[in-house]
Amino acid sequence: MSPLEPPRARRVAVIGGSRVPFARADGPYATASNQEMLTAALDALVERYGLDGPGAVGEFVAGAVLKHSRDFNLARETVLGSALDHRTPAYDIQQACGTGLQAVIAAANKIALGQTEAAVAGGADSASDAPLGVNDRLRRILLEARRAKTAGGRLKALAKVRPGHLVPDIPRNAEPRTGLSMGEHAAVTARTWALPELSPSSEQERALSREAQDDLAATSHQRLAAAYERGFFQDLVVPFRGLTRDQNLRPGSTAEKLAALKPVFGLGDPGPTMTAGNSTPLTDGAALVLLASEEWARQRGLEPLAYLTAYETAAVDFVHGDVAGGEDGLLMAPAYAVPRMLARAGLGLADFDLVEIHEAFASQVLATLAAWEKRGLAPVDRARLNVAGSSLATGHPFAATGARIVATLAKLLSEREGPARGLISVCAAGGQGVTAVLERT
């Protein structure tokens, strides 16, 4: 190959995944750090696939959204505390709720270009162990004291401290540009896409009604429970701190039971529809995926579950864009990313056997489906959507969700006879979206 000739892209195989059961915030994992959860998931992957030898994988890529300052090198510290070869390079990545999938894409690119043969990617998040920042006024005083040249100068600076300065800055689930929480943003989108002029169908199942949201949420729980019952997660989920299943799972959930819950978002507007039952709870957990070249897998006698064949990211202007028209809601970026990705790949939604949409909120899933139809894509058969449950049932540790979905979809595809194709759509804070295609050949 000429030095100027670009390398030929190789197929990237998804070999397997590993995650801890997801737990509700301030529950069983209340004292577990991101590193501890990520290490548990990594050690299980190492044991399952024999990755404890020297140079078993070329890289470890992971991230967290809620990070302490001590976690500035989270991925590398996880490697050093795990059974993986401690000489394995590692680095952090963060793209809000898209972190886990973006980590998978980053690792896949290096494998595709021949820069490494195998990698582990994913993420972890703890809503229980969220970092508490020093009050900014106190921070400025402390910095002033540090810069003082004399003891008198330091005392003079410290004398400015007032009781109100001791109140910490607690992380808020709110967008800095708008001050609205993700749930409040989703409520705006739900209201907008429920308008008759935007709805692509009059069918009840496609409306953004309260009933449709509760039905989608109940279905997520029922399908996740069924997947656990048939042993689907036996080689994907490792017990941790007494949990063997996702704590948020409610096998007996029904739309009728969820209908009894009171709305929690959009309360200032008529007819609010979003409740704690059709919204994802704050969650702790970690998830990882093992990726490799076909040659690496063949040498170790490992059968790929699926191949990562396409991916796309997008962002919307949720501050100044067409939010009122439904186009640029905070969580609507996949409405742009998926059509773009499919056009590039020469595919339509009808070409997919399975579709995985991250369920940040039931309303957001329904709005995404409606937006795809508005852009000319075929309706998604609900029988192919999130067939093993998704975030409404499992919970949503922000940086872990992408890797959870990749591993779940890859295994689902591997169970089908013959070629199969799956779509992944993940919305993220900041008005972003990360999407991908997995194929089984």
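What counts, and at which threshold
- Residues numbered from 1 in each chain as written.
- Predicted model: local features only at pLDDT ≥ 70, side-chain atom pairs only at ≥ 80, totals over all residues.
- Heavy atoms only, no water.
- Helix = DSSP H or I, 4+ residues; strand = E, 2+ residues; numbered from the N terminus.
- Rg over C-alpha atoms; globule rule 2.2 N^0.38 Å.
- Buried < 20%, exposed > 50% of the residue type's maximum accessible area, 1.4 Å probe, protein only.
- Contact = heavy atoms within 4.5 Å.
- Areas by Shrake-Rupley, 256 points an atom, 1.4 Å probe, with all protein chains shown as cover.
- Lys, Arg positive; Asp, Glu negative; His and termini not counted.
- Charge placed at Lys NZ, Arg CZ, Asp CG, Glu CD.
- Patch = residues over 30% accessible without salt bridge, like charges linked within 9 Å, V, L, I, M, F, W, Y side chains within 5 Å.
- Salt bridge = Lys/Arg side-chain N within 4 Å of Asp/Glu carboxyl O.
- Core = buried A, V, L, I, M, F, W, Y, C linked by side-chain atoms within 4.5 Å.
- Phe/Tyr/Trp six-rings, centres within 6.5 Å; stacked < 30°, edge-to-face > 60°.
- Lys NZ or Arg CZ within 6 Å of the ring centre and 35° of its normal.
- Pairing = 2+ DSSP bridges.

Draft legend 1. A look at the overall build of the protein chain. Broken down by element type, the protein chain carries 13 helices and 12 strands. Its C-alpha atoms give the protein chain a radius of gyration of 23 Å, within 12% of the compact-globule value 22 Å for 441 residues. A principal-axis box enclosing the C-alpha atoms of the protein chain has dimensions of 75 × 60 × 50 Å. Scored against the burial criterion, the 441 residues of the protein chain give a buried share of 56%. In the protein chain, 79% of the contacts between residues at least 6 apart in sequence involve partners at least 24 apart. When the accessible surface of the protein chain is totalled, it reaches about 18,500 Å², and 53% of it is carbon and sulfur. Taking the 46 positively charged and 48 negatively charged side chains of the protein chain as two groups, their mean positions are separated by 7 Å.

Draft legend 2. Spatial organisation of a nonpolar patch on the surface. Together, Val 134, Leu 142 and Leu 158 make up an exposed nonpolar region whose accessible area comes to about 240 Å². For Leu 158, the location among the structural elements is in helix H5 (residues 151–158). On the accessibility criterion, Leu 158 (38% relative accessible area) is partly exposed.

Draft legend 3. Quick peek at the nonpolar core. Judged by nonpolar contacts, the single largest core of 54 residues is most densely connected at Leu 331, Val 355, Phe 361, Trp 372 and Leu 423. Breaking this core down by element, the ones donating at least two residues are helix H6 (182–193), helix H7 (210–229), strand E9 (306–315), helix H10 (334–345), strand E10 (354–357), helix H11 (362–374) and strand E11 (420–428). In terms of residue count, H11 provides more of this core than any other element does, eight residues in total. Other than its neighbours up to four places away in sequence, Trp 372 contacts Pro 334, Ala 335, Val 338, Pro 339, Leu 349, Val 355, Ile 357, Leu 377, Val 380, Leu 423 and Ser 425.

Draft legend 4. Inspection of unusual backbone geometry at higher detail. Residue Ala 96 is not a glycine yet carries a positive backbone phi of 50°. Residue position: Ala 96 is located in the loop between strand E4 (90–92) and helix H3 (99–112). In this structure, Arg 241 is a non-glycine residue whose phi angle is positive, near 50°. As for its placement among the helices and strands, Arg 241 is situated in the loop between H7 and helix H8 (255–258).

Draft legend 5. Quick look at the packing of aromatic side chains. Using the criterion set out here, one finds four aromatic pairs in the structure. With centroids separated by 4.6 Å and ring planes inclined at 40°, the aromatic side chains of Tyr 228 and Phe 233 adopt a geometry described as tilted. Across this residue pair, the class does not change: Tyr 228 and Phe 233 are buried. Arranged with centres 5.9 Å apart and planes meeting at 90°, the rings of Phe 265 and Phe 361 form a pair that is edge-to-face. One end of the pair, Phe 265, is in strand E6 (residues 263–265); the other, Phe 361, is in the loop between E10 and H11, with 96 residues separating them in the sequence. Of the residues examined, Phe 361 reaches a relative accessible area of 5% and is grouped as buried. Aromatic rings pair up to connect Tyr 228, Phe 232 and Phe 233 into one cluster. Its end group placed over the ring of Tyr 307, Arg 11 keeps NZ or CZ at 3.7 Å from the ring centre. In this arrangement the basic side chain of Arg 421 is found over the ring face of Phe 352, its NZ or CZ atom lying 6.0 Å from the centre.

Draft legend 6. The arrangement of the pairing of E11 in detail. Where burial is concerned, most of E11 is hidden: eight out of the nine residues are buried. Pairing of E10 with E11, which is carried by four bridges, proceeds in the parallel orientation. Directly across from Glu 356, in E11, lies its bridge partner Ile 424. Relative to strand E12 (residues 432–440), E11 is paired through nine bridges, and the arrangement is antiparallel. Counterpart to Ala 420 in the pairing with E12 is Arg 440. Hairpin remark: E11 followed by E12, antiparallel, with three residues in the connecting loop; positive phi at Gly 430, about 80°.

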